Amino acid sequence: MKEAYLYEKLEDKKVQCNLCAFRCKINEDKVGVCDVRKNIDGTLYSLVYGKTVAKAVDPIEKKPLYHFLPGTLSYSIATVGCNFRCLYCQNWQISMYPKIYEGKIVGDDYPPEKVVEDALRTGCKSIAYTYTEPTVFFEYAIDTARIAKDKGLKNIFVTNGYMTKEAIDMMDGLIDAANVDLKSFSDAFYLQICGGARVKHVLDSIEYMKSKGIWVEVTTLIIPNANDDPAELMQIAEHIKSIDPAIPWHVSRFHPAYQFDNVEPTPISVVKNVRQIGLSMGLKYVYVGNIGADEGEHTYCPNCGALLIARYGFEVVSNSIKDGKCPKCGEKIDIVES
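Calculation rules
Residues numbered from 1 in each chain as written. Predicted model: local features only at pLDDT ≥ 70, side-chain atom pairs only at ≥ 80, totals over all residues. Heavy atoms only, no water. Helix = DSSP H or I, 4+ residues; strand = E, 2+ residues; numbered from the N terminus. Rg over C-alpha atoms; globule rule 2.2 N^0.38 Å. Buried < 20%, exposed > 50% of the residue type's maximum accessible area, 1.4 Å probe, protein only. Areas by Shrake-Rupley, 256 points an atom, 1.4 Å probe, with all protein chains shown as cover. Pairing = 2+ DSSP bridges. Right-handed = clockwise from strand over helix to strand, strands pointing away. Axes fitted to C-alpha atoms, helices over the stretch in contact; angles between N-to-C directions. Parallel < 35°, antiparallel > 145°, perpendicular 65-115°, else oblique. Left-handed = near helix turned anticlockwise from the far one by under 90°. Contact = heavy atoms within 4.5 Å. Nonpolar A, V, L, I, M, F, W, Y, C, P; charged D, E, K, R; others polar. Salt bridge = Lys/Arg side-chain N within 4 Å of Asp/Glu carboxyl O. Phe/Tyr/Trp six-rings, centres within 6.5 Å; stacked < 30°, edge-to-face > 60°. Lys NZ or Arg CZ within 6 Å of the ring centre and 35° of its normal.

Participant: Report on the overall build of the chain, specifying residues and quantitative values.
Facilitator: Secondary structure summary: the chain contains nine helices and 19 strands in total. Relative to the compact-globule value of 20 Å for 338 residues, the chain shows a C-alpha radius of gyration of 20 Å, a close match. Looking at the chain as a whole, 54% of its 338 residues are labelled buried. When the accessible area of the chain is evaluated, it comes to approximately 14,100 Å², of which 48% is carbon and sulfur surface.

Participant: Tell me about the pairing of strand β12 (residues 154–159), residues and numbers included.
Facilitator: Of all six residues in β12, five are buried; the element is thus mostly enclosed. Across four bridges, strand β11 (residues 126–129) lies against β12 in parallel orientation. Bridge pairing in β12 places Y129 opposite F157. Traced from β11 through helix α4 (residues 138–150) to β12, the parallel crossover comes out right-handed. Here β12 pairs with strand β13 (residues 177–181) via four bridges, running parallel. Within β13, the position partnered with T159 by the bridge is V180. Considered for its hand, the β-α-β crossover made up of β12, helix α5 (residues 165–171) and β13 is right-handed.

Participant: Hey, could you go over the sheet that holds strand β19 (residues 315–319) for me, with residue numbers and the actual values?
Facilitator: In a beta sheet, neighbouring strands pair by backbone hydrogen bonds and run either parallel or antiparallel. Across the sheet, which stays open at both edges, the three strands sit in the order β17-β18-β19 with antiparallel pairing between neighbours. Two strands bound the open sheet, and with one partner strand each, they are β17 (299–300) and β19. Looking at chain direction, strand β18 (residues 307–312) and β19 are connected through four bridges and run antiparallel. Considered in β19, the bridge of R311 is made with V316.

Participant: Report on the packing of helix α8 (residues 230–243) against helix α9 (residues 268–280), specifying residues and quantitative values.
Facilitator: In contact at an axis separation of 9 Å, α8 and α9 are set at 45 degrees when each is read in the N-to-C sense. Considering their axes alone, α8 and α9 lie oblique with respect to each other. Judged by the sense of rotation from one axis to the other, the crossing of α8 with α9 is right-handed. Contacts between α8 and α9 involve P230, L233, M234 and A237 on the former and, on the latter, V274, I277 and G278. Considered class by class, the residues forming the contact of α8 with α9 number six nonpolar, one polar and no charged.

Participant: Kindly report on the pattern of salt bridges, identifying the contributing residues and their values.
Facilitator: Taken as a whole and assessed by the stated rule, the structure comprises 22 salt bridges. A salt bridge links R85 to D35, with the nearest nitrogen and oxygen atoms 2.6 Å apart. Note that R85 is positioned in the loop between β9 (73–78) and α1 (92–95) and D35 in the loop between β4 (25–26) and β5 (37–40), a separation of 50 residues in sequence. Judged by its relative accessible area of 15%, R85 is buried. Between K114 and E117 there is a salt bridge; the shortest N-O distance is 3.5 Å. Remark: E117 and K114 occur in helix α3 (residues 112–121); sequence separation between them is three residues, near one turn of the helix. For K114, a relative accessible area of 32% puts it in the partly exposed group.

Participant: Lay out the packing of α3 against α4 with the relevant residues and their values.
Facilitator: Running from N to C, α3 and α4 point in directions that differ by 50 degrees, and their axes come no closer than 9 Å. Classified by the interaxial angle, the pair formed by α3 and α4 is oblique. The two elements α3 and α4 cross, and the hand of that crossing is right-handed. Mapping the contact onto sequence places P112, E113, V115 and V116 in α3 and Y140, D143, T144, I147 and A148 in α4. Class assignment of the residues belonging to the contact of α3 with α4 gives a composition of six nonpolar, one polar and two charged.

Participant: Tell me what's going on with the packing of aromatic side chains, and back it up with residues and numbers.
Facilitator: This structure, assessed with the given rule, holds 14 aromatic pairs. Relative to Y287, the ring of Y66 has its centre 4.7 Å away and its plane inclined at 70 degrees; by these criteria the two rings are edge-to-face. Separated by 221 residues along the polypeptide, Y66 in the loop between β8 (54–59) and β9 and Y287 in strand β16 (residues 286–289) bring together distant segments of the chain. Aromatic side chains W92 and Y258 sit 5.0 Å apart centroid to centroid with 20 degrees between the ring planes, which places their arrangement in the stacked category. In this pair, W92 sits in helix α1 while Y258 sits in the loop between β15 (249–253) and α9, placing the two residues 166 residues apart along the sequence. Given a relative accessible area of 28%, W92 falls into the partly exposed group. The exposure class of Y258 is partly exposed, given its relative accessible area of 22%. A connected cluster of aromatic rings, assembled from ring pairs, spans F22, F84, Y88, Y162, F189, Y190, F254 and F260. K55 extends its terminal NZ or CZ atom over the ring of Y110, reaching a point 4.2 Å from the ring centre.

Put into structure tokens, the structure is as follows:
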């Protein structure tokens, strides 16, 4: 265990966690909504510090990040736990583990120093805090990120975006990029399907991360009859554009999972249509995901339409960007090159 960051002590040995937007007030011997931060005798502790439940070497495109160090590898780690309860969670076996098993915490001992050592050994250019929600293992991620920075590695959050501004302030200078899962533009969706969250906090995080210089990309999983209303998707595109039209938007195909195991996969035509919605709304870069090889995976110049980065699945097949510009027309391409 490690004493938590970003909390305050209250009367009667209660604490208030200020890490995520739920801002849980936690009584003694109780945990927050994430199930992995516990008040022990008036002090808040992370129960998952240094306890990995998943680790892998991934293409950075799998995060997905298409405009941040394209074609490189990212060392990916996770602990159990999440502050959401998404009914369609793809990784529910680990994200929901403490909830399903009544507070049990599992994971291999894996200190930050060893994470960084293994990332370097495997030729990775970054470390991704991913698979579950990195906000709930914030202390572990931040301590690892500090060491990684000193060794020349970049750090990435793959997140639901439900952290506080205080958390983002701590990320400043340590977390280089984030893919934020903007699940819907509807409070009803977040309240009913994601465990009582509200969309405003996610939207605020995207904007605040961007203002702090963190590279941001956004993902929306398109779920039939849940968040696939074209009018709502236009609202998402419009909001992203209002922050920065160069923010890449990844629109992905849903496959049945967890309590949504009886929902049909999203028709591929719907996912492709959402991409066209994003482009028509003025976003520069919109990508499809989870549908197999498709031209919607490629990066095109937003000015002349030239093919710049060709992808096949998570593999970069070719990259013609030179010095951050389109080689055909000279347009500046919004990208962080390796």
